[in-house]
Amino acid sequence: MASEQTSSVTSIPKTAAPAWALPALILFIFTVAHLALALRFPLANDETYYWEWSRRPAWGYYDQGPMIAWWIRAGCWVFGDAVLGIRFPIILASLLTQLSLFLLFRDLVGRKAAILATVVAGITPLATVGGFVATYDPLFVLFWSWAMYFASRSILFRSQSAWFGLGASVGLGLLSKHTMLLFIPCFLLFVCANKEFRNVFHTQGPYLSVSIAALIFAPSLSWQAGHDWMTFRHLFLLTGKGSDRGIDSRLLEFLGSQAALVSPLLFWAFILELARAIRERNPETGRARSFLFWFSAPVLTFFLLLTIKSRVQANWAACAWLSPAGLYACAVYSERPGIKRGFHFAAVSLTVILSLMMTLPELRIALGIQVPQNWDIQIAKLYGGAELGAAADREREAMARSGERVAVGAVTYDNASRLAFYMSGKPQTWCLFLGTRLNSYTLWNESSKPVPGGSALMVDDLAPDDPERPNYELVFDRVEPVPDPVRVYWRGVYRAPIRSYHLYRCYGYRPGLAAETPSGG
């Protein structure tokens, strides 16, 4: 058995200590690019929402685990409550992700292919935006990548100390996003699919990793138990949304969103290499390719099957697109017929162009390329915070001239958190649940809502004459819409406003349990 184990390890191509100059330069270029993008764009609604989390450190929140709040708070301690403070931790996380991927690919497919794989993984639209926008997905992807690295060291290279790193990575990943649970079946499937590694369950390593992961995740689990398991109930409700649409519509949306995240040509190349990997019989490369396959394909399959039940968000399967980059690079450099050089050039070029066109729309304007405005909907969401904050400051000051306290809020978490960040003094804001979706503000509302009979300045995307406009009259005696909406422009890209905010002066607050009921989804 010992000789069998030795052969299984030596069959994986390894290189001597790498020359770090080129990999370091690549990581430096990506980091500088992410830093430039972070300083170029204002904060998205979700980023201000997670910043709100960071102002109230805890072991859990309604939507997900606490890791994003902790990283943002650490960044704000260094750079202040500013754009860089919120985004710098994500830039660091992206750098660490790329480093771990390079180390993983170096061990499995060799240094030359590892460099290409790291570049390919870093130029996709998914990695470009995920390299600077502060959400919990980049942290989840970070710990998934480190878990893959330590899993490879522990199983393929028999490193006993790597089991500690594997357990810590999985535990920290669970604190980032509960999708990290999918790492466990991926691990089990890989081991079961390769009989020479099945004896690993007769060693202490896997159980040590599980114990470490459980120990790290236990405080968050305890928090959930004390808060009616709100995050798990939320996630369960999310997997039931979109059932009113047809299965074919949900399936096409999922496939289209994944192709957009990694770019169309790379998407099909990745799928092709995953299919080839499962049929690989070459003992020199088979185990490495099998490892990369099993930490991607099960995740994609799971979410593909989930489309039968509900709509699947584009970012849910983000971790599945890490290891295919290694398979792709291996195919480019393989002696057997693999990725043709012409296709490789086209795929990489298209990916770079799409990432540039998405993050530098002025470039396509200069080139005379016109696209529908809704293609920029995700980037457009980054704009509007400063304009909204300035207008809300003026209205709150006018309402507060009588000396009374004026609460500030909205019926959705995105507008409430955007007010909190962009208004002067960064006030504690309020989310009024008038049949709107439950969110983490349910944990904090009591300290920021108006007193009975008090006043509030409310913000919404809908105009006063819109029939879907929140019915503030249910909980206020008097509601006065501010005549002029806050129009948000994306200068240099679109002439027309890309969105509008509407402000409402509300007086005489009447707490009403029946009216202030969230939808729960």
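A. Representation of the overall build of the protein. The helix and strand inventory of the protein stands at 22 helices and six strands. Expressed along its principal axes, the backbone C-alpha trace of the protein runs to roughly 85 × 55 × 50 Å. Going through the 521 residues of the protein one by one, you find that 55% of them count as buried. Taking all contacts inside the protein whose residues are at least 6 apart in sequence as the whole, residues at least 24 apart take part in 77%. Of the roughly 22200 Å² of accessible surface on the protein, 64% is carried by carbon and sulfur atoms. Each charge sign in the protein was given a centre, from 46 positive and 36 negative side chains, and these centres are 9 Å apart.

B. Summary view of helix H16 (residues 297–306). Listed in full, the buried residues belonging to H16 are Ala297, Pro298, Val299, Leu300, Phe303 and Leu306. Contacts made by the buried residues of H16 are with helix H8 (136–155), helix H10 (183–193), helix H13 (247–262), helix H14 (264–278) and helix H15 (286–294).

C. Fine view of helix H22 (residues 413–422). The element H22 is extensively covered by neighbouring structure, given that ten of its ten residues are classed as buried. Taken together, the buried positions of H22 are occupied by Tyr413, Asp414, Asn415, Ala416, Ser417, Arg418, Leu419, Ala420, Phe421 and Tyr422.

D. Quick peek at the nonpolar core. Residues Trp144, Phe183 and Phe291 are the most contacted members of the largest nonpolar core, which totals 115 residues. For this core, the element with the highest residue contribution is H8, accounting for 13 residues. Setting aside residues up to four positions removed in sequence, phenylalanine 291 forms contacts with Leu104, Leu108, Met148, Ala151, Ser152, Leu156 and Phe190. Residues Ala38, Val486, Trp490 and Ile498 belong to the second largest nonpolar core, which totals 31 residues.

E. Examining the packing of aromatic side chains more closely. Using the criterion set out here, one finds 39 aromatic pairs in the structure. Ring geometry for phenylalanine 41 and tyrosine 383: centres 6.4 Å apart, planes at 80°, overall edge-to-face. With phenylalanine 41 in the loop between helix H2 (21–40) and helix H3 (45–54) and tyrosine 383 in the loop between helix H20 (377–380) and helix H21 (385–399), this residue pair connects regions lying 342 residues apart in the sequence. On the accessibility criterion, phenylalanine 41 (1% relative accessible area) is buried. Directly above the ring of phenylalanine 41 sits arginine 40, whose terminal nitrogen or CZ lies 5.1 Å from the centroid. The residue whose ring lies beneath arginine 478 is tyrosine 507, and the NZ or CZ to ring-centre distance is 4.2 Å.

F. Here's a closer look at the pattern of salt bridges. Overall, the coordinates contain 22 salt bridges when judged by the stated rule. A salt bridge links arginine 289 to glutamate 273; the shortest N-O distance between them is 3.4 Å. In this pair, arginine 289 is assigned in helix H15 and glutamate 273 in helix H14, connecting sequence segments 16 residues apart. Comparing arginine 289 with glutamate 273 shows no difference in burial state: the two are buried. Here the salt bridges share partners, and the residues they tie into one network are Glu395, Arg478, Glu480 and Arg505.

G. Geometry of the pairing of strand E3 (residues 455–460). Across the six residues that make up E3, a large majority, six, are buried. Burial along E3 is two-sided: Ser455, Leu457 and Val459 and Ala456, Met458 and Asp460, pointing in opposite directions, are all buried. Alignment of E3 against strand E6 (residues 499–509), held across five bridges, turns out to be antiparallel. Across the sheet, aspartate 460 pairs through a bridge with histidine 502, a residue of E6.

H. How the structure looks around unusual backbone geometry. Its identity is not glycine, yet arginine 158 carries a phi of approximately 55°, on the positive side. Tracing the chain through its elements places arginine 158 in the loop between H8 and helix H9 (162–176). Given the relative accessible area of 24%, arginine 158 is considered partly exposed. Its identity as a non-glycine residue notwithstanding, aspartate 228 has a phi of 60°, on the positive side. Turning to its location among the elements, aspartate 228 is positioned in the loop between helix H11 (205–226) and helix H12 (230–238). Looking at aspartate 228, the relative accessible area reads 52%, which means it is exposed.

I. Main features of the packing of helix H4 (residues 67–79) against H8. Two numbers describe how H4 lies on H8: the axes approach to 9 Å, and their chain directions differ by 105°. In terms of orientation, H4 and H8 fall into the roughly perpendicular class. For the pair H4 and H8, contact is made by Met67, Ile68 and Trp71 and by Tyr136, Leu139, Leu142 and Phe143, respectively. Here the residues of the contact of H4 with H8 are counted per class, giving seven nonpolar, no polar and no charged.

J. Representation of the environment of phenylalanine 190 in the model. By the secondary structure assignment, phenylalanine 190 is in helix H10. Spatially, the C-alpha atom of phenylalanine 190 lies 5.5 Å from that of tryptophan 294, the residues being 104 residues apart in sequence. Ignoring any residue separated from it by four or fewer positions in sequence, one finds phenylalanine 190 in contact with Ile155, Leu156, Phe197, Arg287, Ser290, Phe291, Trp294 and Phe295.

K. Representation of the confidence of the model for the protein in the model. Per-residue confidence for the protein gives a mean pLDDT of 90; residues scoring 70 or more make up 93%. Element-level pLDDT for the protein is lowest in helix H1 (residues 2–10), with a mean of 39, against a maximum mean of 98 in H9. Predicted confidence for residues 1–12 stays below pLDDT 50, and this span has 23 contacts to residues more than four positions away or in other chains.

L. Up close: the packing of helix H6 (residues 111–123) against helix H18 (residues 341–359). The interhelical angle for the contact between H6 and H18, taken along N-to-C directions, is 40°, at an axis separation of 9 Å. On the side of H6, the interface is formed by Leu116, Val120 and Ile123, while H18 contributes His344, Val348, Thr351, Val352 and Ser355. Here the residues of the contact of H6 with H18 sort into five nonpolar, three polar and no charged.

M. Summary view of the environment of arginine 505. In this structure, arginine 505 sits in strand E6. The spacing of arginine 505 and valine 479 is 26 residues in sequence and 5.8 Å in space, taken between C-alpha atoms.

Rules and cut-offs
Residue numbers here run from 1 along each chain, matching the order of that chain's written sequence. With the structure being a predicted model, the display of local features is reserved for residues of pLDDT at least 70 and the display and counting of side-chain atom pairs for 80 or more, all residues being used for whole-chain, interface and lining totals. Note: side-chain values were computed over all heavy atoms of the structure, leaving out hydrogens and water. Secondary structure elements are defined from DSSP: runs of H or I of at least 4 residues count as helices, runs of E of at least 2 residues count as strands, and each element is numbered from the N terminus. Think of it in three bands: residues with accessible area under 20% of the maximum for their type are buried, residues over 50% are exposed, and the middle band is partly exposed, with areas taken using a 1.4 Å probe on protein chains only. Any two residues whose heavy atoms approach within 4.5 Å at even a single point are treated as in contact. To measure how exposed things are, a 1.4 Å probe is used in the Shrake-Rupley method; for residues, cover is taken only from the protein chains shown. In this count, Lys and Arg are taken as positive residues and Asp and Glu as negative ones, while His and the chain termini are left out. Taken as the charge centre is NZ of Lys, CZ of Arg, CG of Asp or CD of Glu, depending on the residue. Residues enter a nonpolar core if they are buried and are Ala, Val, Leu, Ile, Met, Phe, Trp, Tyr or Cys, with the set joined through side-chain atoms within 4.5 Å. Here a pair means two rings of Phe, Tyr or Trp (six-membered ring of Trp) with centres within 6.5 Å. Their orientation is stacked below 30 degrees between planes, edge-to-face above 60, and tilted elsewhere. Remark: a charge is flagged as sitting over a ring if the NZ atom of Lys or the CZ atom of Arg is within 6 Å of the ring centre and within 35 degrees of the ring normal. Should a side-chain nitrogen of Lys or Arg be within 4 Å of a carboxyl oxygen of Asp or Glu, the pair is scored as a salt bridge. At least two DSSP bridges between two strands are needed for those strands to be called paired. Every axis corresponds to a line fitted to the C-alpha atoms, with the helix fit spanning only the stretch in contact, and the corresponding angles, defined between N-to-C directions, vary from 0 to 180 degrees. Here the angle decides the label: under 35 degrees means roughly parallel, over 145 means roughly antiparallel, 65 to 115 means roughly perpendicular, and every other value means oblique. Under this grouping Gly is polar, as are all residues other than the nonpolar Ala, Val, Leu, Ile, Met, Phe, Trp, Tyr, Cys and Pro and the charged Asp, Glu, Lys and Arg. Confidence per residue, as judged by the predictor, is encoded in pLDDT with a range of 0 to 100.

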